[in-house]
Amino acid sequence: MHSARFFLPFLLVLALASLALSLTQGSIAVGLDSLVSILWGNGQGLERQLILELRLPRSLGAFFTGALLAQAGVLMQVLVRNPLADPYILGISGGAALAALLAMLAGLSGFLLNSSAFAGALLAVVLVFGLARHNGKTGRGIWTPLRLLLTGVVLAAGWGALISFILAISPERQLRGMLFWLMGDLGYAINPWPLALVFVFGLLVSLPLARSLNVLIRGELLAGSLGVDTRRVQLVLFLLASLLTATAVSQAGSIGFVGLVIPHLVRLLGYTDHRILIPAASLCGGILLVIADTLARTALAPQQLPVGIITALLGVPLFLHLLQKGQRN
Amino acid sequence: MTSRSLLRCENLSIEIGDRCLFENLDLDIQYGQRWAVLGMNGAGKTTLLHTLAGLLPTHQGRIYLGDQPLEQISRRAIALKLGLLFQDQNELFPATVMETILSGRHPHLKAWQWESAEDENNARHLLATVDLKGYEQRQVTTLSGGERRRLGIATVLLQDPDLLLLDEPINHLDLHHQHKILQLLNATTQKKNKSLLMVMHDINLSAHYCDHVLMIFNDGKTRQGSTAELFQEDILSELYQHQIRCLRHEQQTYFISM
């Protein structure tokens, strides 16, 4: 078994380093020493304001969004027992996106925009779960992960069509903002604390279940024979993954790639035990998004890019490299 | 040897979809008994195993673990008493051999508890017993069919239940390992007064390694009893709808298909 004794602390240090990088880089570069003194409560005027009021919320927002998406990705892959699953596979981001786009059309922004997206995500969650249930012989609502997956994939296609429709009829001046939202943009992440809160809640719920997930990912019946109450665990997985995803997309749009690839990336590093995989994937997702957001802000400054582009541009070569390396072993 | 009931079913009927596979089965598996389940493909052997393990709902009849109805017992408590080896196990996500065998300890551990060093030692010992020594860090997907089968056996032995429900345990195994695994299962169950219920397709190995047999006929009829009593040409021929002859050689009985 791979020892996690050094891996998780190593990732934690890497996470702090990525946050430090993100806080010091930007239109005005801030030295590491001034950063430390500002975070310590000292420092003067403009720099202090820049760090504490602009960069810190955004960097933390990036970190927790990435962490939420990666954690949701792990849970969703176990729930539908499919390596191709990502947090958006059940159409949760589709519902959020439609609501966000409608809110933009109505001229909403900031907190109201994010709240609309969250409401849209919840609507999508209720819809997919409601439609995936069917009445069996007993008359009781029965659902299975496979029905959930098929229902979700079809609903996601439906959301996609509605999103395209909104894009087609929207005035041109709003299209840019809408596209940024759809590609994922941390410019919308105004308050990192709800993200942090949901993230911690997610860990508290998922970590005690982590060993059950090790068996559940190998099959429902097998998990049942080893003492896992499969339906209950699957319901928790569905609700928790939905909450994590809804929270992430409502703050930052539908950032792709992180939730699909980060879990596999950590597995390729040899950490397949969910007791390590869940925290490790969360940290890696956070680190990737912090670095990606730093690049998105600075690469073509003063122009800002949607972070979703950078996550994929960074992640694709990294993942392919690990895949090649893994196959050689 | 005590004659205590371990797992018992009364009036059990098994259906798949709208098809009734068999009806009104009464079965009493006692401590120390070794049962073979024989029948043709699709007779309901696997469904019976899964039902007895409480993984499928019963349409009619009751199952008792000890003297308690199965549906009143938590999954975890059942897993401490009943272990199940599935017919086939497909792995979609990576895991090492060590991680896989340690999953057998799952029902024994509390939510936050990790496998102990003793668990790992026992796992290593069991892996060596099934000729998988040195495979600990291998990915399960790189194992051959027979090696995976032996890993499955080692996992259910690490789970250490009172009754081993084994669905074709010697599937994919070469001749040497068929005997080795059946001897290991027999030795383990005899030493600890545990029980076996194995779905088998080999009459001779069943005759050699089991003392009781449950036969499921294609018309939904079932017969049960000692292997000595039921392993006869006419009964076996009817069971398999194929002529089977009994030959004696050096005081041993062998069954061959004609």
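Residues numbered from 1 in each chain as written. Chains lettered and ligands numbered in written order. Predicted model: local features only at pLDDT ≥ 70, side-chain atom pairs only at ≥ 80, totals over all residues.

1. Quick notes on the sheet that holds strand E7 (residues 163–167) of chain B
All names here are of chain B. Reading across the sheet, the 6 strands line up as E6-E7-E8-E3-E9-E10 and stay open at both edges, with mixed pairing between neighbours. Here the strands that pair on one side only, and so sit at the sheet edges, are strand E6 (82–85) and strand E10 (222–226). Strand-to-strand twist of the sheet, defined as the mean angle between neighbouring strand axes without regard to direction, takes the value 15°. The strands touched by helix H6 (residues 175–192) within the sheet are strand E3 (34–39), E7 and strand E8 (195–199), with E8 carrying the most contacts at an inclination of about 150°. (Pairing = 2+ DSSP bridges. Helix = DSSP H or I, 4+ residues; strand = E, 2+ residues; numbered from the N terminus. Axes fitted to C-alpha atoms, helices over the stretch in contact; angles between N-to-C directions. Contact = placed C-beta atoms within 7 Å.)

2. Observations regarding unusual backbone geometry
Non-glycine residue B:Asn11 carries a positive phi angle of around 60°. A residue is classified by how many C-beta atoms lie within 10 Å of it, and B:Asn11, with 12 of them, is exposed. (Buried ≥ 20, exposed ≤ 12 C-beta atoms within 10 Å, placed from the backbone.)

3. Considering the sheet that holds strand E4 (residues 60–65) of chain B
Residues and elements named next belong to chain B. The 4 strands lie next to each other as E2-E1-E4-E5, forming an open sheet whose pairing is antiparallel. With partners counted over all chains shown, the strands left at the sheet margins are strand E2 (19–30) and strand E5 (68–69), one partner each. Here strand E1 (residues 5–16) runs beside E2; their pairing, made up of 8 bridges, is antiparallel. Considered in E2, the bridge of Leu-12 is made with Leu-25.

4. Concerning the packing of helix H4 (residues 117–129) of chain B against helix H5 (residues 145–159) of chain B
All names here are of chain B. Following both chains from N to C, one finds H4 and H5 inclined at 140°, their axes separated by 9 Å at the closest point. The angle between H4 and H5 places the two elements in the oblique class. Crossing handedness for the pair H4 and H5: right-handed. Seen from H4, the contacting residues are Asn-122, Ala-123, Leu-126 and Leu-127; seen from H5, they are Ala-154, Leu-157 and Leu-158. The residue makeup of the contact of H4 with H5, split by class, is 6 nonpolar, 1 polar and no charged. (Parallel < 35°, antiparallel > 145°, perpendicular 65-115°, else oblique. Left-handed = near helix turned anticlockwise from the far one by under 90°. Nonpolar A, V, L, I, M, F, W, Y, C, P; charged D, E, K, R; others polar.)

5. Let's talk about helix H12 (residues 258–268) of chain A
Residue and element names in this part refer to chain A. For H12, the buried fraction is high: 10 of the 11 residues fall into the buried class. Those residues of H12 that fall on the buried side of the exposure criterion are Val-258, Gly-259, Leu-260, Val-261, Ile-262, Pro-263, His-264, Leu-265, Val-266 and Arg-267. Positive backbone phi, approximately 105°, marks Gly-270, located one or two places after H12.

Any functional reading would require information that these geometric values do not contain.
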